[in-house]
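These are the residues of each chain, in order.
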Amino acid sequence: MTKRTAHGTGARIADTAGSLAAKADLKGRTQARAADLKDKAGALTVQLRQTATRAGHQAQGRAAKGGHTTQEHMAKARHTLQERALRTGHAVQEQALRTGHAVQERAGQAGHLASEKAVEASHAAEGRVPQSARTAVRGALRHARPVLVAGAALAVAGAVAIGARRRDGRD
């Protein structure tokens, strides 16, 4: 064998022995692998925390947006209800005014009709009243309101007097 061949064979044997020694160092390889896995786990933990933080911020943003949207919808609904209540109130008020005007008009018509009937009755009665009392009847026709008030007062006084007599046992 030549020196060169022997030297090459010796180098290969040394390489093979070194690789076998490295392969035989199971504890060292296991520790290196464990350190590598620990580093990867740490990196994944950091990444997961960042992802969870982003997801939390996104969820918080969506919840805030949903809350604002709900508030806006509630405000719109409240305004709609207020507008409807106002419109309903106005409609009821207008109907009450129309009804009040109708009642007032009918009462006025009834008052005029009663006044006309009273005038007709008084004219009919005037012919049956003796000549000496006609002046008083004409005055009463010209000033019908005071005469009606006085007549009503006399009717009340008469009713009170009758009631008093009945209570006292005179009738």
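Values in this document were obtained by computation on a predicted structure and should not be read as measured data.

Thresholds, definitions, all that
Residues numbered from 1 in each chain as written. Predicted model: local features only at pLDDT ≥ 70, side-chain atom pairs only at ≥ 80, totals over all residues. Heavy atoms only, no water. Helix = DSSP H or I, 4+ residues; strand = E, 2+ residues; numbered from the N terminus. Buried < 20%, exposed > 50% of the residue type's maximum accessible area, 1.4 Å probe, protein only. Areas by Shrake-Rupley, 256 points an atom, 1.4 Å probe, with all protein chains shown as cover. Salt bridge = Lys/Arg side-chain N within 4 Å of Asp/Glu carboxyl O. Expected span 1.5 Å × (residues − 1). pLDDT = per-residue confidence, 0-100.

Here we take up the overall build of the protein chain. A tally of helices and strands in the protein chain yields four helices and zero strands. Starting at the N terminus and walking to the C terminus, you meet the elements of the protein chain as α-α-α-α. A burial count over the protein chain gives 2% of its 171 residues as buried. For the protein chain, the exposed surface amounts to about 14800 Å²; the carbon and sulfur share of it is 62%.

What the rule picks out here adds up to one salt bridge. A salt bridge links R33 to D36, with the shortest nitrogen-to-oxygen separation between them at 3.7 Å. A residue pair is termed a helical-turn pair when its members lie 3 or 4 positions apart in one helix, as R33 and D36 do in helix α2 (residues 26-128) at three residues. A relative accessible area of 47% places R33 in the partly exposed class.

Right, let's talk about helix α4 (residues 144-168) for a bit. With 25 residues, α4 should reach 36 Å at 1.5 Å per residue; the first-to-last C-alpha distance of 36 Å fits that figure. Where α4 ends, the next residue or the one after it, G169, has phi of about 85°, a positive value.

For the protein chain, the average pLDDT comes to 80, and 79% of its residues sit at 70 or higher. Mean pLDDT values for the elements of the protein chain range from 62 in helix α1 (residues 3-24) up to 86 in α2.

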